Amino acid sequence: MSEMRVIGIRVEQPQNQPVLLLREVSGDRYLPIWIGQAEATAIVLEQEGVTPIRPLTHDLIKLIVTELGHTLKEVRIVDLQEGTFYADLVFDNDKRISARPSDSVAIALRVGCPIYAEEPVLAEAGLVMPDEREDEVEKFKEFLESVSPDDFKATDS
């Protein structure tokens, strides 16, 4: 299992599809996850420090968990099946709740907990970007030009 950090959100053209990009903290693999527009907005707002007038869904979840006396310990991206990623929210009582990675990351950013990806997920969908000297945004742009969501669908091999 590798700890991941959020690099950011990019919109893939021409489909106008947001992509969440994570990178290993102690490694060179990136993990791109195609996500919905609402979750992309929630992640970007949190990264930019924008506080909405009323809590968004992910802010509300953070408040509910806190008010009920629990703590989100970590988020784990645990599986990839037929192009769909799966994540678990892991709480202080070791209770796990399955969730979409996009929602999980949006919540993790709000509570400041670590994000991990299981090795089989990284082995299947993780990518090493060429030319480590370029800045991450430029590498991400180049990467998006060369892949599509179909590249991450399971095959019958």
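Everything below is about the structure shown above.
Everything numeric here is computed off the predicted structure, so don't read it as measured data. (Residues numbered from 1 in each chain as written. Predicted model: local features only at pLDDT ≥ 70, side-chain atom pairs only at ≥ 80, totals over all residues. Heavy atoms only, no water.)

**Quick look at the pattern of salt bridges**
Side-chain pairs of opposite charge can arise where the charged atoms are in close proximity.
Moving on, step 1. Here the structure, examined in full by the defined rule, presents nine salt bridges.
Moving on, step 2. As a salt-bridge pair, Asp 59 and Arg 110 come within 2.7 Å of each other at their nearest N and O atoms. With Asp 59 in helix 2 (residues 57-67) and Arg 110 in helix 3 (residues 101-111), this pair connects stretches of sequence that are 51 residues apart. (Salt bridge = Lys/Arg side-chain N within 4 Å of Asp/Glu carboxyl O. Helix = DSSP H or I, 4+ residues; strand = E, 2+ residues; numbered from the N terminus.)

**Concerning helix 3**
Moving on, step 1. A large share of helix 3 lies buried, amounting to nine of its 11 residues.
Moving on, step 2. Residues Pro 101, Ser 102, Asp 103, Ser 104, Val 105, Ala 106, Ile 107, Ala 108 and Arg 110 constitute the buried set of helix 3. (Buried < 20%, exposed > 50% of the residue type's maximum accessible area, 1.4 Å probe, protein only.)

**What about the sheet that holds strand 2 (residues 17-24)?**
Moving on, step 1. If you walk across this open sheet you meet the eight strands as 6-5-4-7-1-2-3-8, and the pairing is mixed. Taken across any chain shown, the strands that pair with only one partner, and hence form the sheet edges, are strand 6 (96-99) and strand 8 (127-128).
Moving on, step 2. When strand 3 (residues 29-34) meets strand 8, the two strands line up antiparallel, connected through two bridges. Considered in strand 8, the bridge of Arg 29 is made with Val 128. (Pairing = 2+ DSSP bridges.)

**Side note on helix 1 (residues 37-47)**
Moving on, step 1. Turning to helix 1, its buried residues number three or more, namely Glu 39, Ala 40, Ala 42 and Ile 43. On an axial view of helix 1, the arc spanned by its buried residues comes to 160°, and they lie on one face.
Moving on, step 2. Residues of helix 1 that are buried in the fold lie against strand 1 (2-12), strand 2, helix 2 and helix 3.
Moving on, step 3. Gly 49 occupies a position one or two residues after helix 1 and carries a positive phi of about 75°. (Arc of directions from axis to C-beta. Contact = heavy atoms within 4.5 Å.)

**Comments concerning the pairing of strand 5 (residues 84-91)**
Moving on, step 1. Taken across its eight residues, strand 5 has six buried, putting it largely inside the fold.
Moving on, step 2. Relative to strand 5, strand 4 (residues 72-81) runs antiparallel, the two sharing eight bridges. Paired with Ile 77 across the strands is Ala 87, a residue of strand 5.
Moving on, step 3. Between strand 4 and strand 5, which follow one another and run antiparallel, lie two residues, and Glu 82 among them has a positive phi close to 50°.
Moving on, step 4. The pairing of strand 5 with strand 6 spans four bridges and is classified as antiparallel. Within strand 6, the residue paired with Leu 89 across the bridge is Ile 97.
Moving on, step 5. What sits between strand 5 and strand 6 in their antiparallel hairpin is a turn of four residues, with Asp 94 showing a positive phi close to 60°.

**Some thoughts on the pairing of strand 1**
Moving on, step 1. Summarising the sheet, strand 1 and strand 7 (residues 115-117) pair through three bridges and their orientation is antiparallel. Paired with Glu 3 across the strands is Tyr 116, a residue of strand 7.
Moving on, step 2. As paired strands, strand 1 and strand 2 are joined by eight bridges and run antiparallel to one another. Each bridged residue has a counterpart across the sheet, and for Val 6 the counterpart in strand 2 is Leu 22.
Moving on, step 3. Following strand 1, the chain reverses through four residues before pairing antiparallel with strand 2; Asn 16 in that reversal takes a positive phi of roughly 60°.

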